[in-house]
Every structure is written in structure tokens, then in C-alpha cells.
Amino acid sequence: MENIKINTEYIKLDQLLKWAGEAGSGAEAKSMIEEGKITINGDLETRRGRKIRPGDVVSIKEKEFLICR
């Protein structure tokens, strides 16, 4: 599991995917989310604007990211 540090209260899911280097553009992030490739805390997520907060675990394919402050 990789730690991703944010300096704000939250980050939106599509922004997180770009920040983590998993998506090269907003369109790519949107596609990954719509295709059901993302889970947050074990639950499938299909909303681009989902607010990700410290303590959340985001899974993308076989990778897991723990959001930290």
C-alpha cells in the first residue's frame, strides 16, 4: 500500500487519480471510474467528484493507496 499525502481537507477522486499518476488526464480518470475500476474503502465508486479524505483507502486495479494528511 502506498501513502498519498494531501494538504487539504479532501481531494476529489478524479483529481486524486491524476495526482497519483494513475490517470494522465481528466478524461482518462473519468473512463477508469465509469468502467468500475476504482473502489474506496472496499466499495465500488462511480462518482468522479467523490470526496476522498485522510484515512480512506483507494484501490485501483491491484494498487492500493492510503490517503494521509
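Please refer to the structure higher up on the page.
Since the model is a prediction, treat every value here as computed from it, not as a measurement.

## So, helix H2 (residues 26-34)
Then, number 1: Looking at H2, one finds that the buried residues are Ala29, Met32 and Ile33. Burial along H2 is one-sided: seen end-on, the buried residues are contained in an arc of 100°. Facing away from the buried surface of H2 by more than 90 degrees, the exposed residues are Ala27 and Glu34.
Then, number 2: The elements touched by buried residues of H2 are helix H1 (13-19), strand S3 (38-40) and strand S6 (57-60).
Then, number 3: Just downstream of H2 lies Gly36, where phi reads positive at about 75°.

## Let's talk about the packing of aromatic side chains
Then, number 1: Tallied over the full model, the rule gives zero aromatic pairs.
Then, number 2: Over the ring of Tyr10 we find Lys51; its NZ or CZ atom is 4.7 Å from the centre of that ring.

## Things to note about the sheet that holds S3
Then, number 1: Spatial ordering of the open sheet is given by S1-S7-S6-S3-S4, a layout of five strands whose pairing is mixed. Each edge of the open sheet carries a strand with a single partner, namely strand S1 (2-5) and strand S4 (43-44).

## A look at the pairing of S6
Then, number 1: Where burial is concerned, the two faces of S6 agree: the one with Val57 and Ser59 and the one with Val58 and Ile60 are both buried.
Then, number 2: Alignment of S3 against S6, held across three bridges, turns out to be antiparallel. Within S6, the position partnered with Ile40 by the bridge is Val58.
Then, number 3: The turn joining S6 and strand S7 (residues 63-68), which pair antiparallel and follow one another in sequence, is formed by two residues; a positive phi near 55° is taken by Lys61.

## Examining the pattern of salt bridges
Then, number 1: For the structure shown, the criterion picks out six salt bridges.
Then, number 2: Among the ionic pairs, Lys63 bridges to Glu22, the shortest N-O distance being 2.9 Å. One end of the pair, Lys63, is in strand S7; the other, Glu22, is in the loop between H1 and H2, with 41 residues separating them in the sequence.
Then, number 3: Judged by its relative accessible area of 44%, Lys63 falls in the partly exposed class.
Then, number 4: We note a salt bridge from Arg47 to Glu45, for which the minimum N-O separation is 2.7 Å.
Then, number 5: For Glu45, a relative accessible area of 4% translates into the label buried.
Then, number 6: The network of salt bridges with shared partners includes Glu45, Arg47 and Arg50.

Reading the values: rules and limits
Residues numbered from 1 in each chain as written. Predicted model: local features only at pLDDT ≥ 70, side-chain atom pairs only at ≥ 80, totals over all residues. Heavy atoms only, no water. Buried < 20%, exposed > 50% of the residue type's maximum accessible area, 1.4 Å probe, protein only. Helix = DSSP H or I, 4+ residues; strand = E, 2+ residues; numbered from the N terminus. Arc of directions from axis to C-beta. Contact = heavy atoms within 4.5 Å. Phe/Tyr/Trp six-rings, centres within 6.5 Å; stacked < 30°, edge-to-face > 60°. Lys NZ or Arg CZ within 6 Å of the ring centre and 35° of its normal. Pairing = 2+ DSSP bridges. Salt bridge = Lys/Arg side-chain N within 4 Å of Asp/Glu carboxyl O.

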